[in-house]
Amino acid sequence: MFITTDDNIQLYVESYGDGTPLLFIHEFGGNYDSWQPQIHYFSRRYRCITYAARGYPPSSVPQQLDAYSQQRAVLDALAVLDGLGIEKAHIIGLSMGGFATLHFGIMAPQRALSLTIAGAGYGCEPESEDYFRQVSLQVADNFASQGAKQFACVYALGASRVQFQNKDPLGWQRFASRLAEHDSLGAALTMRGVQARRPAFYQLEAQIRQLMLPTLVMVGDEDDHCLQPGLYLKKHLPAAGLAILPKTGHTLNLEEPALFNQVLTEFLCQVEQGSWQVRDARANPAQIMRTE
């Protein structure tokens, strides 16, 4: 089905199963169908919703840069929930979708039951922030000039993607083939308008410290530029837990689907039982051992 946003963009949406809603937000290198291992698993007990972000067919591909932003990504997620008549959902995002999930919590906490922020953090390390923005613009130029079909084979072999290729060549090939089908202009504008312009986590520290929603942060231990940002979120989000997946890169949900689903299942169960709480005030990070 398609849902129309307030700026007249058509978003392609799929929904499977019944029960408490899970809204999955895909990464830059994925699409609505890159959550298939999670849909197969969780739709047995939950209502699982995926959608193609603007710029990703079969959703509309706006032609203007101003149609793409981090705020707009959140508004699109809200539009999906509104279009389906859903008041609240567990929000689950990977990478670009993980950033959208965090901003969803900041902008509309009343619409979220929980947040799962996986593989998010590129551009958040102060020492690499400028480099990230420069390389994002170069990636955008490459998509625009070379086209997705040609440039996908380069992008899919990034330093945090080769782990997936080594473990699961067929799964990685499907990921790379999906990437090659992206709309070249949509990919370029998404990279320029969302990725290259979004604020780093430390710029949002005041809002992050006030975000009381149950939050699961997941990072692969070989996804180097997400490790420190993941620790940052764990340190500053009051009700966050951090899961680090061993020998794992960026494409967490596809590279390690069973482990991803297991960790997410435990988190959702604890949230629904009311046992995922804010950090105990006695767990003072300044203390190593108690002496009195």
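Description of the structure in this document. (Residues numbered from 1 in each chain as written. Predicted model: local features only at pLDDT ≥ 70, side-chain atom pairs only at ≥ 80, totals over all residues. Heavy atoms only, no water.)

1. Some details on the packing of aromatic side chains
- Enumeration according to the criterion identifies 14 aromatic pairs in this entry.
- Note on Phe28 and Phe143: the rings are 5.6 Å apart at their centroids and 75° apart in plane angle, and the pair reads as edge-to-face. Separated by 115 residues along the polypeptide, Phe28 in the loop between β3 (21–25) and α1 (36–42) and Phe143 in helix α4 (residues 129–146) bring together distant segments of the chain.
- Given a relative accessible area of 0%, Phe143 falls into the buried group.
- Centroid distance Phe267 to Trp276: 4.6 Å. Interplanar angle 85°. Geometry classified as edge-to-face. (Phe/Tyr/Trp six-rings, centres within 6.5 Å; stacked < 30°, edge-to-face > 60°. Helix = DSSP H or I, 4+ residues; strand = E, 2+ residues; numbered from the N terminus. Buried < 20%, exposed > 50% of the residue type's maximum accessible area, 1.4 Å probe, protein only.)

2. A look at the pattern of salt bridges
- Counted according to the given criterion, the structure contains 15 salt bridges.
- As a salt-bridge pair, Asp76 and Arg72 come within 3.8 Å of each other at their nearest N and O atoms. Within this pair, Asp76 and its partner Arg72 are both found in helix α2 (residues 70–83), separated by four residues, close to a single helical turn.
- Here Asp76 falls in the buried class, since its relative accessible area comes to 3%.
- Under the relative-accessibility criterion, Arg72 is labelled buried at 15%.
- Here Lys167 ties to Glu255 by a salt bridge, and the two come within 2.7 Å at their closest N and O atoms. Separated by 88 residues along the polypeptide, Lys167 in helix α6 (residues 162–167) and Glu255 in helix α11 (residues 252–255) bring together distant segments of the chain.
- Owing to a relative accessible area of 6%, Glu255 belongs among the buried residues under this scheme.
- If you follow the salt bridges from partner to partner, you end up with Asp6, Asp7, Arg54, Arg72 and Asp76 in one network. (Salt bridge = Lys/Arg side-chain N within 4 Å of Asp/Glu carboxyl O.)

3. A closer look at the pairing of β3
- Taken across its five residues, β3 has five buried, putting it largely inside the fold.
- With burial as the criterion, each face of β3 is covered, one bearing Pro21, Leu23 and Ile25 and the other bearing Leu22 and Phe24.
- As judged from the four bridges shared by β3 and strand β4 (residues 47–51), these two strands associate in the parallel manner. Looking across to β4, one finds that Leu23 is bridged to Ile49.
- Considered for its hand, the β-α-β crossover made up of β3, α1 and β4 is right-handed.
- With four bridges joining them, β3 and strand β5 (residues 89–94) adopt parallel strand pairing. If you follow Ile25 over to β5, its bridge partner there is Gly93. (Pairing = 2+ DSSP bridges. Right-handed = clockwise from strand over helix to strand, strands pointing away.)

4. Regarding the sheet that holds strand β1 (residues 2–4)
- Here eight strands make up an open sheet; going across it, the order is β1-β2-β4-β3-β5-β6-β7-β8 and the pairing mixed. Edge positions in the sheet fall to β1 and β8 (240–245), since each has one partner strand and no second. Looking at each pair of strands side by side, their axes are set apart by 25° on average, direction ignored.
- Pairing geometry for strand β7 (residues 215–220) and β8, over six bridges, is parallel. The residue of β8 that forms the bridge with Val219 is Ile244. (Axes fitted to C-alpha atoms, helices over the stretch in contact; angles between N-to-C directions.)

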